[in-house]
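Spelled out, the chains give:
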Amino acid sequence: MTRTAPRTKARAAARLAAVQATYQHEMEGTAMPVLLNEFHQHRLGATIEDVEYAEADVDFFDDLVSGANARAGEIDVLIEGKLAKGWTLARLDKPMKAIIRVGTYELLARQDVPVAAVISEYVDVAHAFYDKRESGFVNGLLDGIAKEVRA
């Protein structure tokens, strides 16, 4: 095992949790400090209904959730600009929106993470919720956004 494997796994766990938190925020409107605290105390690294959640990079998680929320307007404009003609963000289901929003934030704000890693990670997150077709949608959309924001 390489030295980066635990960090990679912790960041992957943070990404999945960030998507879940972003989804919860949209569904329930939970205030950001309350939402982050709930994930810190009860989700990250916890065992829920016999499912053990991996230890997450908490600072990375906080940045993804808070940043995606703070820059939501800018992020949504970028996403809308890459959707097919006749499609709007409102047509996407909420889990898909959360995946794309957090992935877009990471492309915008986390220049320390290579584009290919960001796209690959959110395609993996999409696999947790969807079939291959939707994962391909995530890949294509984030690739288009990356070409614009990381040109």
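Parameters and conventions
- Residues numbered from 1 in each chain as written.
- Predicted model: local features only at pLDDT ≥ 70, side-chain atom pairs only at ≥ 80, totals over all residues.
- Heavy atoms only, no water.
- Helix = DSSP H or I, 4+ residues; strand = E, 2+ residues; numbered from the N terminus.
- Expected span 1.5 Å × (residues − 1).
- Buried < 20%, exposed > 50% of the residue type's maximum accessible area, 1.4 Å probe, protein only.
- Salt bridge = Lys/Arg side-chain N within 4 Å of Asp/Glu carboxyl O.
- Polar contact = N/O pair within 3.5 Å; in protein donor to acceptor, adjacent residues only side chain to side chain.
- Contact = heavy atoms within 4.5 Å.
- Core = buried A, V, L, I, M, F, W, Y, C linked by side-chain atoms within 4.5 Å.

(A) Seen up close, helix 6 (residues 115-129). For helix 6, with 15 residues, the first-to-last C-alpha span of 22 Å sits near the 21 Å given by 1.5 Å per residue. Of all the residues in helix 6, the buried ones are Val118, Ile119, Glu121, Tyr122, Val123, Val125 and Ala126.

(B) Local environment of the pattern of salt bridges. Applying the stated criterion to the full structure yields 13 salt bridges. Note that arginine 110 is salt-bridged to aspartate 63, the shortest N-O span being 3.0 Å. Of the two residues, arginine 110 sits in the loop between helix 5 (94-109) and helix 6 while aspartate 63 sits in helix 3 (residues 58-70), which places them 47 residues apart along the sequence. Exposure remark for arginine 110: the relative accessible area of 15% places this residue in the buried category. If you follow the salt bridges from partner to partner, you end up with Arg11, Asp57, Asp63, Arg110 and Asp112 in one network.

(C) Layout of helix 3. Given a rise of 1.5 Å per residue, 13 residues ought to cover 18 Å, and the 18 Å separating the end C-alpha atoms of helix 3 matches this to within 8%. Put simply, aspartate 57 is the residue that caps the front of helix 3, since its side-chain oxygen is 3.3 Å from the backbone nitrogen of aspartate 59.

(D) Region of the structure containing the side chain of threonine 22. One can find threonine 22 in helix 1 (residues 5-28). In this structure, threonine 22 is in contact with Ala98 and Val102, ignoring residues within four places of it in sequence.

(E) Looking closely at the environment of alanine 56. Structurally, alanine 56 is set in the loop between strand 2 (51-52) and helix 3. Overall, alanine 56 belongs to the buried group, its relative accessible area being 11%. As a C-alpha pair, alanine 56 and arginine 43 span 13 residues in sequence and 9.6 Å in three-dimensional space. For alanine 56, the contacting residues outside a window of four places in its chain are Ala10, Ala13, Ala14 and Leu44.

(F) Molecular detail of the nonpolar core. Ranked by internal contacts, the top residues of the largest apolar core, which has 44 residues, are Phe61, Val65, Ile79, Ile99, Tyr122 and Val138. Looking at this core, the elements that each hand over two or more residues are helix 1, helix 2 (32-42), helix 3, helix 4 (72-82), helix 5, helix 6 and helix 7 (132-149). Broken down by element, this core gets its largest block of residues, eight residues, from helix 5. Residues contacting tyrosine 122, with those up to four places away along its chain left out, are Arg15, Val19, Leu64, Ile99, Val102, Gly103, Glu106, Val138 and Leu142.

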